[in-house]
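Observations on the three-dimensional arrangement
Next come the chains, spelled out residue by residue.
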Amino acid sequence: MHILRLAGRRLAASIPTLILILVGVFLLLQLAPGDTVDAMMAQMGGGDARTAEDLRRFYGLDLSVTAQLGNYLWRLIRFDLGFSAIYGKPVATVIAERLPATILLMTASLSFAFFFGIVFGVIAARGVNRWPDTLISTLGLIFYATPSFWFGLMAIVVFSIYLQWLPAGGLSDITQVKEGIWLVLDTARHLVLPTLTLGLIFLAIYLRIMRASMLEVLTLDFVRTARAKGLDETRVVVRHVLRNALLPMVTLIGLQAGTMLGGSVVVESVFSLPGLGRLAYESVVQRDLNTLLGIIFVSALLVIAVNFIVDLVYARLDPRIKSEG
């Protein structure tokens, strides 16, 4: 219960941050040229000034910035994200249609980067200053230095066009209707390249952090004591070193949740995934203010939720958290 109270306090402390983010983004978007009505008129092929004025009055865009901000915050209190004039449906519905793809991509990329970051970090630390360490560190540097959009395009060229092993984009095969396990396998097949593209940069970060953390923990007194008791090296690493070395990795997940959401904009655009990242890009181009603010709101909630879970996991791994007042 103490862990839940601690995480609850941190969750409550994030609410003012969420409000400041929404207010700041709202005010910044007011400085951008054009609005939703301009985008609608362009899609309709133009229109007279009277029509534009009526549309702005209908959508509340004729009000002052302060009044628009007040209306938006009041809608949020009632869990109303507004209406998307571009898509012709409530913003909540638009986001709900795109959110699963982003969550799938983030979960797959994070799992891939975290798991192999641990594996390669442990291997590099166990073989420090030898060829496994040099090879893994070099590959990590290459992955970190490679832009995600370039890697995505090259992956499409190699694996989709040249080898024809994997699909070039989308979330499923639109030429066939699949259900059950076949739909799951088809979705997983479409997510392979986007997952690698988004996950490799984070894999490079995780393996470096894991390597450094392992090397630090291996020098501590309790590890030398465990070895002095006659425990074999594998048991020392698994039972004593790994749990303590995982603490920086867990912290990093919470810190990089927002970064991964930002990276999904590029990856979803390259692979034509119907996710929040691509929706955010389309909303900016079309000046769909309500949808863009809704995406930012939901993205902020996702980051807060990830950090909440990270707090719980961290407290589980580090018993010292339980003793905090």
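Residues numbered from 1 in each chain as written. Predicted model: local features only at pLDDT ≥ 70, side-chain atom pairs only at ≥ 80, totals over all residues. Heavy atoms only, no water.

**Some thoughts on the overall build of the protein**
The helix and strand inventory of the protein stands at 12 helices and two strands. Each helix and strand of the protein, ordered N terminal to C terminal, gives the series α-α-α-α-β-β-α-α-α-α-α-α-α-α. Across the protein, contacts joining residues at least 24 apart in sequence account for 74% of those joining residues at least 6 apart. Carbon and sulfur atoms make up 68% of the accessible area of the protein, which amounts to about 17,900 Å² in all. (Helix = DSSP H or I, 4+ residues; strand = E, 2+ residues; numbered from the N terminus. Contact = heavy atoms within 4.5 Å. Areas by Shrake-Rupley, 256 points an atom, 1.4 Å probe, with all protein chains shown as cover.)

**Some details on the packing of aromatic side chains**
Evaluation of the coordinates by the stated rule reveals six aromatic pairs. With centroids separated by 5.1 Å and ring planes inclined at 85°, the aromatic side chains of phenylalanine 115 and phenylalanine 116 adopt a geometry described as edge-to-face. The exposure class of phenylalanine 116 is partly exposed, given its relative accessible area of 31%. Taken together, Phe112, Phe115, Phe116 and Phe120 form an aromatic cluster joined through their ring pairs. (Phe/Tyr/Trp six-rings, centres within 6.5 Å; stacked < 30°, edge-to-face > 60°. Buried < 20%, exposed > 50% of the residue type's maximum accessible area, 1.4 Å probe, protein only.)

**Let's talk about the pattern of salt bridges**
Overall, the coordinates contain four salt bridges when judged by the stated rule. It is possible to trace a salt-bridge network through shared partners that takes in Arg98, Arg278 and Glu282. (Salt bridge = Lys/Arg side-chain N within 4 Å of Asp/Glu carboxyl O.)

**Things to note about the nonpolar core**
Tyr206, Met210, Met214 and Val241 are the most contacted members of the largest nonpolar core, which totals 41 residues. Put simply, the parts of the chain that give this core at least two residues each are helix 5 (91–126), helix 7 (148–162), helix 8 (181–217), helix 9 (221–228) and helix 10 (233–270). Element by element, the count of residues in this core is highest for helix 10, at 12 residues. Contact partners of valine 241, with chain neighbours within four places excluded, come to Met214, Val217, Leu218, Val223 and Val236. If you look at the next biggest cluster of nonpolar residues, it comprises 23 residues, including Val25, Val91, Leu289 and Ile304. (Core = buried A, V, L, I, M, F, W, Y, C linked by side-chain atoms within 4.5 Å.)

**Considerations on the side chain of serine 84**
Note on placement: serine 84 falls in strand 1 (residues 83–84). At 2.6 Å, the side chain of serine 84 forms a polar contact with the side chain of aspartate 288. Not counting chain neighbours up to four residues away, the residues in contact with serine 84 comprise Lys89, Pro90, Val91, Val94, Asp288 and Thr291. (Polar contact = N/O pair within 3.5 Å; in protein donor to acceptor, adjacent residues only side chain to side chain.)

**Describing helix 7**
The end-to-end C-alpha distance of helix 7 is 20 Å, a good match for the 21 Å that 15 residues give at a rise of 1.5 Å each. Of the positions making up helix 7, those classed as buried are Ser148, Gly152, Ala155, Ile156 and Ser160. (Expected span 1.5 Å × (residues − 1).)

**Comments concerning the packing of helix 5 against helix 11 (residues 276–285)**
Where helix 5 contacts helix 11, the axes come no closer than 8 Å and their chain directions differ by 135°. Judged by the angle between their axes, helix 5 and helix 11 are oblique. Residues Val94, Ile95, Arg98, Leu99 and Thr102 of helix 5 form the contact with helix 11, whose participating residues are Leu276, Gly277, Arg278, Leu279 and Glu282. Across the contact of helix 5 with helix 11, the residue classes tally to five nonpolar, two polar and three charged. (Axes fitted to C-alpha atoms, helices over the stretch in contact; angles between N-to-C directions. Parallel < 35°, antiparallel > 145°, perpendicular 65-115°, else oblique. Nonpolar A, V, L, I, M, F, W, Y, C, P; charged D, E, K, R; others polar.)

**Concerning a nonpolar patch on the surface**
A contiguous nonpolar patch, built from Phe149, Trp150, Leu153, Met154, Val157, Val158, Ile161 and Val266 and spanning about 700 Å² of accessible area, is present on the exposed surface. Per-element accounting of the nonpolar patch gives the leading share, seven residues, to helix 7. The residue valine 157 is located in helix 7 in this model. (Patch = residues over 30% accessible without salt bridge, like charges linked within 9 Å, V, L, I, M, F, W, Y side chains within 5 Å.)

**Brief notes about unusual backbone geometry**
Even without being glycine, phenylalanine 79 reaches a positive phi, approximately 60°. Summarising the element assignment, phenylalanine 79 is placed in the loop between helix 4 (65–77) and strand 1. With relative accessibility at 76%, the residue phenylalanine 79 sits in the exposed group. Although it is not a glycine, glutamine 164 sits at a positive phi angle of roughly 55°.

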